[in-house]
Amino acid sequence: PRLDLGLKTRDLVDGHPLFADLPDTRREAIARLMRPYFAVPGETLIRKGEKGDAAYFISSGAVEVRTPHGPLRLGRGDVFGEMALLSGKPRTADVAALGYCQLLVLGAGDFRALMKQSPDIAENMARIARQREEMNVPD
Ligand code: CMP
């Protein structure tokens, strides 16, 4: 079962747009840090105000982010849960699965390690988090 999981994780990382341009060896290293997680419809994945312990990469399916300005849909290729890890602040929104959803989960420690190993991904992640933070500022 362990081998199957490893292969599956590798496939999911290879198929995720955020990692598509990376060399093979880098994707292999990233796959070793990730855990596949299959979410069911309606499942709450993140609760606003809690401490951040992981980031999530969407391989398939969609989730709903309940932002201060209303619900927002994220799908294949998107990331969520990165803001609390980057800022050290509590979770900024509730996030729930809209349907069945194949995710890759990266624990906080491994997220930090990945950001250190991959300046390109770190830059990308910081840009995404900054845009979302700006979007959430109340008018
Ligand atoms: P975090 O704050 O850790 O937990 C909730 C997550 O929802 C957050 O990280 C982002 O990944 C995501 N999120 C919050 N606000 C937005 C937004 N305006 N647009 C897209 N995603 C968001």
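Scroll up to find the structure.
A brief report on the enclosed structure follows. (Residues numbered from 1 in each chain as written. Predicted model: local features only at pLDDT ≥ 70, side-chain atom pairs only at ≥ 80, totals over all residues. Heavy atoms only, no water.)

So, the overall build of the protein chain
Move 1: A count of helices and strands for the protein chain gives five helices and eight strands.
Move 2: Each helix (α) and strand (β) of the protein chain, taken in turn from the N terminus, gives the series α-α-β-β-β-β-β-β-α-β-β-α-α.
Move 3: Here the protein chain has a C-alpha radius of gyration of 15 Å; the compact-globule value for 139 residues is 14 Å, and the two agree.
Move 4: Its C-alpha atoms give the protein chain principal-axis dimensions of roughly 45 × 35 × 25 Å.
Move 5: By residue count, 44% of the 139 residues in the protein chain fall in the buried class.
Move 6: A sequence separation of at least 24 residues applies to 75% of the contacts in the protein chain between residues at least 6 apart. (Helix = DSSP H or I, 4+ residues; strand = E, 2+ residues; numbered from the N terminus. Rg over C-alpha atoms; globule rule 2.2 N^0.38 Å. Buried < 20%, exposed > 50% of the residue type's maximum accessible area, 1.4 Å probe, protein only. Contact = heavy atoms within 4.5 Å.)

Some points on the pattern of salt bridges
Move 1: Considering all chains together, one arrives at eight salt bridges under this definition.
Move 2: Where Asp 14 meets Arg 27, a salt bridge forms, and the shortest distance between an N and an O atom there is 2.9 Å. Placement of Asp 14 in helix α1 (residues 2-15) and of Arg 27 in helix α2 (residues 24-33) is noted, with a sequence separation of 13 residues between them.
Move 3: Overall, the relative accessible area of 30% leaves Asp 14 in the partly exposed class.
Move 4: Notably, a salt bridge pairs Asp 53 with Arg 91, separated by 3.6 Å at the nearest N-O pair. (Salt bridge = Lys/Arg side-chain N within 4 Å of Asp/Glu carboxyl O.)

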